[in-house]
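# An overview of the molecular structure
These are the residues of each chain, in order.
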Amino acid sequence: MEREAAIEFTDVSMKRGEQEVLKGITGYFPKGKITTLVGPSGAGKSTLLKLCNGLLSPNTGEILVLGKNVEEWEPVELRTRASMALQSAPMISGTVEENLTLPYALQGAEVDVEKMRKVIQEVGLDSDYLQRDSRDLSGGQRQKVSIARTLLMEPEILLLDEITSALDRVSRQEVEELIAHIHKTFGTTIIWITHNLEQAERIGHYTWVMIDGQLIEQGESSLLNESTDAAVQQFVRGTNS
Ligand SMILES: Nc1ncnc2c1ncn2[C@@H]1O[C@H](COP(=O)(O)OP(=O)(O)OP(=O)(O)O)[C@@H](O)[C@H]1O
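As the structure is a computational prediction, the values presented were derived from the model and not from experiment. (Residues numbered from 1 in each chain as written. Predicted model: local features only at pLDDT ≥ 70, side-chain atom pairs only at ≥ 80, totals over all residues.)

Bringing the nonpolar core into the picture now. Counting residues in each nonpolar core, the largest one holds 60 residues, and the members touching the most others are Cys 52, Ala 148, Leu 159, Leu 160 and Ile 191. Per element, the largest residue contribution to this core is five residues, and it comes from strand 1 (residues 5-16). (Core = buried A, V, L, I, M, F, W, Y, C linked by C-beta atoms within 7 Å. Buried ≥ 20, exposed ≤ 12 C-beta atoms within 10 Å, placed from the backbone. Helix = DSSP H or I, 4+ residues; strand = E, 2+ residues; numbered from the N terminus.)

Pasting the structure below:
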């Protein structure tokens with residue numbers, strides 16, 4: 001199989017405080033694919049995601065993002081190319097438009113209104129939403145606005161941290177469909193942390209299983225059911241019970 005990496009880790013370790021939370025991680029996220037990142041709470045998934053766009057730096061090892069060492073990227077450019085959305089979908093008080101333009105306003109840049117309209121429609125919201133107060137949005141709408149904010153940057157890589165965990169079933173399905181649509185339309189590489197293994201199998205092409213700071217397995221999503229690794233089997237059984 002052709003192996004083209006969007007992000008590649010080589011022997012990456014990291015301490016937070018006294019604790020080693022990532023231990024010798026070597027693996028890659030295939031370009032143009034959806035990879036899910038699964039594992040028990042505290043396994044190091046969020047920490048690893050933050051290494052991908054330079055929010056955190058490893059103690060040892062090498063991380064290549066789009067072929068370039070993470071340390072060599074200009075930080076703002078890296079966060080534009082590898083953009084992140086979080087479970088909490090943080091918003092400033094103000095309109096949806098103000099929330100969309102915030103990353104640009106912080107840099108003194110402007111955003112084309114037409115582009116903003118296109119992006120808000122792309123995530124399935126009417127352009128009237130631009131003038132809505134962000135406090136009036138439902139959880140699902142907030143998450144869509146949060147995704148729209150990342151899309152404005154036209155990222156090659158989307159880093160998603162539990163973006164559907166706080167949503168009801170209908171909103172979760174809508175957001176899943178939205179991510180699938182983004183992937184299909186733009187060929188975006190997607191790295192998606194999820195606690196939901198059914199979701200991981202449904203939406204992901206590739207998967208990483210992390211346990212206690214280690215990358216235990218990586219491969220096609222079917223490995224979640226086919227793994228012969230005892231720790232992976234135990235994790236999968238535990239999650240499904
Ligand atoms: N800011 C921090 N300072 C010190 N330790 C931290 C910090 N954030 C996380 N940790 C520790 O790092 C380890 C990995 O946490 P991380 O959030 O990356 O795991 P996770 O797999 O994403 O967990 P969850 O599924 O619960 O979000 C945990 O032991 C956690 O306590």
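Pairing is mixed across the open sheet formed by six strands, whose spatial order is 6-7-8-3-9-10. At either end of the open sheet lies a strand with only one pairing partner, and these are strand 6 (82-86) and strand 10 (214-220). Across the sheet, the axes of successive neighbouring strands diverge by a mean angle of 15°, strand direction being ignored. With five bridges joining them, strand 6 and strand 7 (residues 157-161) adopt parallel strand pairing. Paired with Ser 83 across the bridge in strand 7 is Leu 158. (Pairing = 2+ DSSP bridges. Axes fitted to C-alpha atoms, helices over the stretch in contact; angles between N-to-C directions.)

A few words on the sheet that holds strand 5 (residues 68-69). In space, the four strands of this open sheet follow the order 2-1-4-5, with antiparallel pairing throughout. Looking along the sheet, the strands with just one partner apiece sit at the ends: strand 2 (19-30) and strand 5. Pairing analysis gives two bridges linking strand 4 (residues 60-65) to strand 5, with the strands arranged antiparallel. Residue pairing in the sheet places Val 65 in a bridge with Lys 68 of strand 5.

Our focus in this paragraph is the confidence of the model for the protein. Regions with low pLDDT carry predicted coordinates that are not meant to be interpreted in detail. A residue-level look at the protein finds 98% of positions with pLDDT of 70 or above and a mean pLDDT of 93. Prediction confidence for the complex, expressed as pTM and ipTM, is 0.93 and 0.95 respectively. (pLDDT = per-residue confidence, 0-100.)

The next thing to look at is the site of the ligand. Neighbouring the ligand are Arg 16, Gly 17, Gln 19, Val 21, Gly 39, Ser 41, Gly 42, Ala 43, Gly 44, Lys 45, Ser 46 and Thr 47. Contributing elements (two or more residues each) for the shell around the ligand: strand 2 and helix 1 (45-52). The element that contributes the greatest number of residues to the shell around the ligand is helix 1, accounting for three residues. Considering only residue class, the shell around the ligand consists of two nonpolar, eight polar and two charged. (Near = placed C-beta within 6 Å. Nonpolar A, V, L, I, M, F, W, Y, C, P; charged D, E, K, R; others polar.)

Moving on to the packing of helix 3 (residues 96-105) against helix 5 (residues 139-151). Two elements in contact, helix 3 and helix 5, have axes separated by 9 Å at closest approach and are oriented at 35°. Remark: the crossing between helix 3 and helix 5 carries right-handed chirality. In contact with Val 96, Asn 99, Leu 100 and Pro 103 of helix 3, helix 5 contributes Val 145, Ala 148 and Arg 149. Tallied by class, the residues present in the contact of helix 3 with helix 5 amount to five nonpolar, one polar and one charged. (Left-handed = near helix turned anticlockwise from the far one by under 90°. Contact = placed C-beta atoms within 7 Å.)

Attention now goes to the packing of helix 5 against helix 6 (residues 169-186). Helix packing geometry: the angle between the two helix axes and the distance between the axes. At a minimum axis separation of 9 Å, helix 5 and helix 6 run at an interaxial angle of 15°. Classified by the angle between their axes, helix 5 and helix 6 sit roughly parallel to one another. The interaxial crossing formed by helix 5 with helix 6 has right-handed handedness. Of helix 6, the residues touching helix 5 (which contributes Gly 139, Gly 140, Gln 143, Lys 144, Ile 147 and Leu 151) are Ser 171, Glu 174, Val 175, Leu 178 and Ile 182. Tallied by class, residues from the contact of helix 5 with helix 6 come to five nonpolar, four polar and two charged. (Parallel < 35°, antiparallel > 145°, perpendicular 65-115°, else oblique.)

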